[in-house]
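Reading the structure
Residues per chain, in single letters:
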Amino acid sequence: MEFKERLRQLRSEKNETQVQVAEALGIQGRHYQRFELGENLPGFANLIALADHFDVTLDYLMCRTDQR
């Protein structure tokens, strides 16, 4: 699984829109959308925010493990 797929999966599990996740992170919706499209990777601060938002480890978020 790739990062963009993991991100979509986590968002889907929480029944959130891309805009809702972007707002939770304090970024623009288009900026978040680029993460899910695989056009951009988030910086360290956004990675931490995403992991916290979805309540998973950074390793899980980045597909380094399947243990949340």
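So, here's what we can say about the structure.

Thresholds, definitions, all that
Residues numbered from 1 in each chain as written. Predicted model: local features only at pLDDT ≥ 70, side-chain atom pairs only at ≥ 80, totals over all residues. Heavy atoms only, no water. Helix = DSSP H or I, 4+ residues; strand = E, 2+ residues; numbered from the N terminus. Rg over C-alpha atoms; globule rule 2.2 N^0.38 Å. Buried < 20%, exposed > 50% of the residue type's maximum accessible area, 1.4 Å probe, protein only. Contact = heavy atoms within 4.5 Å. Areas by Shrake-Rupley, 256 points an atom, 1.4 Å probe, with all protein chains shown as cover. Lys, Arg positive; Asp, Glu negative; His and termini not counted. Charge placed at Lys NZ, Arg CZ, Asp CG, Glu CD. Salt bridge = Lys/Arg side-chain N within 4 Å of Asp/Glu carboxyl O. Core = buried A, V, L, I, M, F, W, Y, C linked by side-chain atoms within 4.5 Å. Arc of directions from axis to C-beta.

1. Here we look at the overall build of the protein chain
The number of helices and strands found in the protein chain is 5 helices and 0 strands. Put simply, the protein chain runs from its N terminus to its C terminus through helices and strands in the order α-α-α-α-α. Taken over the C-alpha trace, the protein chain has a radius of gyration of 11 Å; the compact-globule value for 68 residues is 11 Å, and the two agree within 12%. In terms of overall dimensions, the protein chain has a C-alpha envelope of 30 × 25 × 20 Å along the principal axes. Counting all 68 residues of the protein chain, 34% fall into the buried class. In the protein chain, once contacts between residues fewer than 6 apart in sequence are set aside, the share between residues at least 24 apart is 53%. Total accessible area on the protein chain stands at roughly 4200 Å², and carbon and sulfur atoms take up 44% of it. Averaged over its 9 positive side-chain charges, the protein chain has a centre that lies 4 Å from the centre of its 11 negative ones.

2. Structural notes on the pattern of salt bridges
All told, the structure shown has 7 salt bridges when counted by the stated rule. Across the salt bridge formed by R8 and E36, the nearest N and O atoms sit 4.0 Å from each other. Taken together, the residues span a long stretch of sequence, with R8 in helix α1 (residues 3-13) and E36 in helix α3 (residues 29-37) at a distance of 28 residues. Judged by relative accessible area, which is 36%, R8 ranks as partly exposed. Note that R11 and E36 form a salt bridge whose closest N and O atoms lie 2.5 Å from each other. Of the two residues, R11 sits in helix α1 while E36 sits in helix α3, which places them 25 residues apart along the sequence. Side by side, R11 and E36 carry an identical accessibility label, which is buried. A single network of salt bridges, built from pairs that share partners, joins R8, R11 and E36.

3. Some thoughts on the environment of T57
Secondary-structure assignment places T57 in the loop between α4 (44-54) and α5 (58-61). The partly exposed category is assigned to T57, whose relative accessible area is 35%. As for T57 and G29, which are separated by 28 residues in sequence, their C-alpha atoms are 23 Å apart. Discounting residues that sit within four places of it in the chain, T57 has contacts with A51, Q67 and R68.

4. Quick notes on the nonpolar core
Counting 16 residues, the largest nonpolar core has F3, L7, Y32, F35, L50, F54 and L61 as the members making the most contacts within it. Breaking this core down by element, the ones donating at least two residues are α1, α2 (18-25), α3, α4 and α5. Among the elements that line this core, the one with the most residues is α4, at 4 residues. Not counting residues up to four positions away in its chain, the partners in contact with F35 are F3, K4, L7, I27, N40, L41, P42, N46 and L50.

5. Looking at α1
Within the span of α1, buried status applies to F3, R6, L7, L10 and R11. Taken end-on, α1 shows its buried residues confined to a sector of 130°, consistent with a single buried face. Each element contacted by the buried residues of α1 is listed here: α2, α3, α4 and α5.

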